[in-house]
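Each chain, written out:
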Amino acid sequence: MAKPKNILFIMFDQLRWDYLSCYGHPHLHTPNIDRLASRGVRFDRATIQSPLCGPSRMSTYTGRYVSSHGACWNNVPLNVGERTMGDYLRAQGMGCWLVGKTHMMADAEGMARLGIEADSVIGARVSECGFDVFERDDGMRPEGPEGFYDEGGALAYNDYLRGKGYDSDNPWHDYANSSIDDDGNVLSGWFLKNSDLPANIAENDSETPYLTRRGMEFIEGQGDQPWCCHLSYIKPHWPYIVPAPYHELYGPEHFLPPVRSEAETSGHPVYTAMQKAPVCRAFSRDDVRDKVLRAYMGLIKQCDDQMGVLFDWLDRTGRMQDTLIVVTSDHGDYMGDHWMGEKTFFHETSVKVPMIVYDPSPEADATRGTVCDTPVECIDLLPTFLDVAGGDSRAVDHILEGRSLLPYLRGQTPQPKDYVVCEYDFSMRPVADALGLSTAEARGFMIADSDWKMIHFEGGFRPMLFDLKNDPLELVDLGDSAEHAEVIDRLSAALDTWSRRPSQRVTISNDTLLAIRKKPSTKGVMIGIVDEDDTAAELTAKYRNRKAQDRRAVKAPV
């Protein structure tokens, strides 16, 4: 074993933490991800920073909370001035490359204002979250009356499919994400009634194996140059459909019952309003949930099988000896729990994600196969990567809001975080109109420590509160309980303190600030000095023993 000189950053999309066997799922066996956990550290309390693809990823890529970087929703541009993963790693001599999804939207207005050409090297990197792009594939090429959701979506993958004989103007939809009937009619994977059908594609040509091969192609071409590869998978994100044989591996005997109670349907007004969304109503139906779970579990099983392909190849090529590997997700999936679909709220189902980190260095030998139950956040990954690359994340702690995980990997006992934070801006959602909220009011903030989780809403609503220790399924909202007012006050005060953090003070380091406060001015500024002898002589040397002409009686010219 040697110190890692490379980083393989694997992110799945919409992968629930509890749908892996190493996290306790009794029927969905994921031996390859489990194998990585047995060689690294499994973090049991990893929290995302927003329950939505775009803002969650922007936080992970910048190491900053959503209210710091401002990209609060999918397709909201990331400010052109934000430093990202590639900026930090390239400064340490490590390449930083993308294979797969980012959900990044470039700040075209900001680039134009600064005169940055989109087709320049800098412009391309600014447009891609700081990554150099081996292949970007956000896995989204839906088409509606106004055109494609993403004009650049799945272009290379569609070309690959056409080269394999999948004849269509959009094989991503017609084959990879749809089924077919005996008359040749496409049965779209967008419709949940089709989720239990096999996708009309050879398994090896589907999206997950395709991206695995592309990731290996990238790594194979890197030689001895240090690299970070963000291998960012599209699945098990919707459309929920999977090719044979994965579509029929799981049935009702493998499904976990939905976690929900009738009391939740008449509780907090924001929460119950969100339950009325079409996706929540659909997933609250057991017949729909059962169809989707077949596909969702099959997609995860396919992901794990591809991790076996990848990890075996890394072992054969010797890359396991010099590469730090991370497996995580950008958020979870409600899958009908709490009467919800999708991910856009604050239960553990959505905001807690798997996080497994394998460090090949000898210093990590003592922690192999261990579990860390200390709360951590996804913004902690970037400081970790910077330290692995040879930098010092503490030197930029005025910008990075996460903390390096290396101490946990290498048997040290760092001071744990007092709490973790997740934010959700729902000002673009119809539920904001239904509740009569302005864009400033349609926001929620989650703050949690090891025992309690509080959700604060703008707009004058009461908070929600969950006792994570005694109610781990989060079925009982204690937000209006007078008996728990002290807990709410304590977490509210912590959230207020967090909200006042100096997150925009990014142009001067904390070390510089400390040095300035301890060092007297040597630039001749003498504020509040009454007599020249009241301060050090060397500071006033330029003002002592000087001569000048007496011009006091000279009249000004008429």
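*Asks:* Now, about the pairing of strand E16 (residues 420–425): what can you tell me, with residues and values included?
*Replies:* Across the six residues of E16, six count as buried, placing the element largely inside the fold. Alternating residues of E16 divide into Val 420, Cys 422 and Tyr 424 and Val 421, Glu 423 and Asp 425, and every residue in both groups is buried.

*Asks:* Describe the packing of aromatic side chains, with residues and values.
*Replies:* One pass over the full model with this rule turns up 24 aromatic pairs. Arranged with centres 5.0 Å apart and planes meeting at 20 degrees, the rings of Phe 12 and Tyr 233 form a pair that is stacked. Here Phe 12, found in strand E1 (residues 6–13), pairs with Tyr 233, found in strand E10 (residues 227–236); they are 221 residues apart in sequence, far enough to count as distant. Overall, Phe 12 belongs to the buried group, its relative accessible area being 0%. What makes Tyr 233 buried here is its relative accessible area of 1%. Centre to centre, the rings of Tyr 65 and Trp 498 are 5.3 Å apart; their planes meet at 85 degrees, and the pair counts as edge-to-face. Of the two residues, Tyr 65 is situated in the loop between helix H2 (53–62) and helix H3 (66–69) and Trp 498 in helix H17 (residues 485–499); the sequence distance between them amounts to 433 residues. When its relative accessible area of 7% is taken as the criterion, Tyr 65 is described as buried. With relative accessibility at 6%, the residue Trp 498 sits in the buried group. Members of the aromatic cluster, each reached through a chain of ring pairs, are Tyr 19, Tyr 240, Phe 283 and Tyr 296.

*Asks:* Run through the pattern of salt bridges, naming residues and quoting values.
*Replies:* Summed over all chains, the structure comprises 37 salt bridges. Ionic pairing is found between Arg 410 and Asp 359, a salt bridge with its closest N-O pair at 2.8 Å. Of this pair, Arg 410 sits in the loop between helix H15 (406–409) and E16 while Asp 359 is found in the loop between strand E13 (352–358) and strand E14 (370–372), placing the two residues 51 residues apart along the sequence. Salt bridges sharing common partners tie together Asp 13, Arg 57, Lys 101 and Asp 330.

*Asks:* So what's going on with H2? Which residues, and what values?
*Replies:* An α-helical turn contains 3.6 residues, so any two residues separated by three or four positions project in the same direction. The buried fraction of H2 is high, at ten of ten residues. Elements that come into contact with the buried residues of H2 comprise E1, H3, helix H4 (85–90), E10 and helix H14 (381–388). Backbone geometry just after H2 places Gly 63 at a positive phi near 70 degrees.

*Asks:* Just give me the short version of the state of the cysteines, but keep the residues and values in it.
*Replies:* Applying the stated criterion to the full structure yields zero disulfides. Among the cysteines around Cys 378, which has no disulfide bond, Cys 422 carries the closest sulfur, lying 9.4 Å off. Residue classification places Cys 378 among the buried residues on the basis of a relative accessible area of 2%. Since its relative accessible area comes to 0%, Cys 422 is described here as buried.

*Asks:* For helix H7 (residues 155–163), give the residues involved together with the corresponding values.
*Replies:* What H7 keeps buried is the set Tyr 157, Asn 158, Tyr 160 and Leu 161. The buried side chains of H7 occupy one side of the element, clustering within an arc of 155 degrees when seen end-on. In H7, the exposed positions angled more than 90 degrees off the buried face are occupied by Asp 159 and Gly 163. Its buried side turned inward, H7 meets strand E4 (132–136), helix H8 (171–176) and helix H9 (207–220).

*Asks:* So what's going on with the sheet that holds strand E18 (residues 452–457)? Residues and values would help.
*Replies:* The strand order across the open sheet built from four strands is E16-E17-E18-E19, with neighbouring strands paired in antiparallel fashion. Only two strands of the sheet have a single partner each, and these edge strands are E16 and strand E19 (464–467). This sheet shows a mean twist of 15 degrees between the axes of neighbouring strands, independent of strand direction. Bridge analysis of E18 against E19 gives four bridges, and the strand direction is antiparallel. Among the inter-strand pairings, Trp 452 is bridged to a residue of E19, identified as Asp 467. Across the sheet, H17 is in contact with E16, strand E17 (443–448), E18 and E19; its angle to E18 comes to roughly 65 degrees.

*Asks:* Outline the side chain of Thr 60, listing residues and values.
*Replies:* Position of Thr 60 relative to the elements: it lies in helix H2. For Thr 60, the contacting residues outside a window of four places in its chain are Phe 9, Met 11, Met 85, Cys 378, Leu 381 and Leu 382.

*Asks:* Please set out unusual backbone geometry residue by residue, giving values where relevant.
*Replies:* In this structure, the amide linkage connecting Trp 238 to the following residue, Pro 239, adopts the cis form with an omega of 0 degrees. If you trace the backbone, Pro 239 turns up in the loop between E10 and strand E11 (242–243). A cis amide bond, omega 0 degrees, links Ala 244 with the succeeding residue Pro 245. By the element assignment, Pro 245 lies in the loop between E11 and helix H10 (269–274). Phi at His 103 is positive, roughly 65 degrees, even though this residue is not glycine. Structurally, the position occupied by His 103 is in the loop between strand E3 (95–100) and helix H5 (108–114). Unlike most non-glycine residues, Cys 129 shows phi in positive territory, near 60 degrees. With respect to the helices and strands, Cys 129 occurs in the loop between helix H6 (121–127) and E4.

*Asks:* Describe the nonpolar core, and please don't skip the residues or the numbers.
*Replies:* The biggest cluster of nonpolar side chains holds 73 residues, and the ones touching the most others in it are Phe 9, Phe 43, Met 85, Phe 345, Met 355, Phe 385 and Phe 426. Element by element, the count of residues in this core is highest for H14, at five residues. By size, the runner-up hydrophobic cluster in this structure holds 59 residues, among which are Ile 201, Met 216, Leu 293 and Met 307.

*Asks:* So what's going on with the packing of H7 against H9? Which residues, and what values?
*Replies:* Where H7 meets H9, the closest approach of the two axes is 12 Å, and the angle between their N-to-C directions is 105 degrees. If you check the angle between H7 and H9, you find them roughly perpendicular. In this structure, H7 uses Ala 156, Tyr 157 and Tyr 160 to contact H9, whose residues at the interface are Glu 207, Tyr 210 and Arg 213. Residues of the contact of H7 with H9, tallied by class, amount to four nonpolar, no polar and two charged.

Conventions adopted
Residues numbered from 1 in each chain as written. Predicted model: local features only at pLDDT ≥ 70, side-chain atom pairs only at ≥ 80, totals over all residues. Heavy atoms only, no water. Buried < 20%, exposed > 50% of the residue type's maximum accessible area, 1.4 Å probe, protein only. Helix = DSSP H or I, 4+ residues; strand = E, 2+ residues; numbered from the N terminus. Phe/Tyr/Trp six-rings, centres within 6.5 Å; stacked < 30°, edge-to-face > 60°. Salt bridge = Lys/Arg side-chain N within 4 Å of Asp/Glu carboxyl O. Contact = heavy atoms within 4.5 Å. Disulfide = S-S within 2.5 Å. Arc of directions from axis to C-beta. Pairing = 2+ DSSP bridges. Axes fitted to C-alpha atoms, helices over the stretch in contact; angles between N-to-C directions. Core = buried A, V, L, I, M, F, W, Y, C linked by side-chain atoms within 4.5 Å. Parallel < 35°, antiparallel > 145°, perpendicular 65-115°, else oblique. Nonpolar A, V, L, I, M, F, W, Y, C, P; charged D, E, K, R; others polar.

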